[in-house]
Amino acid sequence: MAFLILSGLVSTGAAPLASLEIHIEGLRSAKGQVLACLFSERAGFPDCSKSGTARRGTMAAEEGGVLRFEGLPSGAYAASLIHDENGNDKLDTRIGIPAEGIAFSRNPRFTFGPPRYRAATFDVGSGVVEERVRFRYFL
């Protein structure tokens, strides 16, 4: 009987869910908070306010912190992060240049504007997936 139940659970095709740990590196201060957006599709990347499907996360700013997302189905994801030093829940800019730190999954190189979605994507399977991001500051 137990075998039939187990067999039934396996045959439903339910994909195992994963956890993502984003390890934060390179914050210039412990002021404010880190805002993170996790995208499972290109739409709206890297701005959370332009995507209805992005998951959001926050944590107090501190060097070496870890931000965790739970219950992720397997697939490709990209993350964008902001060091919101003044706690106003947005990226502050001066003449279009970020005045606060920014980071992206896979730490892609970029100069003018954010990296492309594809450059920041990584795969999530099952279990715990770790991604390290390093913040960059321009001002």
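Bear in mind that the values here come from a model prediction, so they are computed numbers and not experimental data.

A. Inspection of unusual backbone geometry at higher detail. Of note, the bond from Phe-45 into Pro-46 is cis; its omega dihedral lies within 30 degrees of zero at 5°. Looking at where Pro-46 falls in the secondary structure, it is placed in the loop between β2 (33-39) and β3 (55-60). Notably, Asn-107 is not glycine yet its phi reads approximately 50°, a positive angle. With respect to the element layout, Asn-107 can be found in the loop between β8 (101-104) and α2 (117-120). Judged by its relative accessible area of 36%, Asn-107 falls in the partly exposed class.

B. Looking closely at the sheet that holds strand β10 (residues 127-134). Across the sheet, three strands lie side by side as β4-β1-β10; this open sheet has mixed pairing. Looking at strand neighbours, the two that pair on one side only are β4 (66-72) and β10, the edges of this open sheet. Strand-to-strand twist in this sheet, taken as the mean axis angle between neighbours without regard to direction, amounts to 20°. In terms of strand pairing, strand β1 (residues 18-25) meets β4 through five bridges, oriented antiparallel. Note on β4: the bridge partner recorded for Ala-18 is Leu-72.

C. How the structure looks around the packing of aromatic side chains. Applying the stated criterion to the full structure yields five aromatic pairs. Note on Phe-104 and Phe-110: the rings are 5.2 Å apart at their centroids and 90° apart in plane angle, and the pair reads as edge-to-face. Its relative accessible area of 6% is what places Phe-104 among the buried residues. Among the aromatic side chains, those forming a connected cluster through ring pairs are Phe-39, Phe-45, Phe-104, Phe-110, Tyr-117 and Phe-138.

So, how was this worked out
- Just so you know, the residues in each chain are numbered from 1, in the order the chain's sequence is written.
- Thresholds applied to this predicted model are a pLDDT of at least 70 for local features of residues and 80 or more for the giving and counting of side-chain atom pairs; totals over whole chains, interfaces and linings are not thresholded and use all residues.
- By convention in this description, side-chain values take in all heavy atoms of the structure and omit both hydrogens and water.
- Helix and strand assignments follow DSSP, with helices taken as H or I runs no shorter than four residues and strands as E runs no shorter than two, numbered in order from the N terminus.
- When a residue's accessible area, from a 1.4 Å probe over protein chains only, is under 20% of the maximum for its type it is buried; when over 50% it is exposed; and in between it is partly exposed.
- The criterion for strand pairing is that DSSP finds at least two bridges linking the strands in question.
- To obtain an axis, a line is fitted to C-alpha atoms, over the contacting stretch when the element is a helix, and the angle between two such axes runs from 0 to 180 degrees between their N-to-C directions.
- Between 30 and 60 degrees the pair is tilted, below 30 it is stacked and above 60 it is edge-to-face, where a pair is any two Phe, Tyr or Trp rings, Trp via its six-membered ring, whose centres lie within 6.5 Å.

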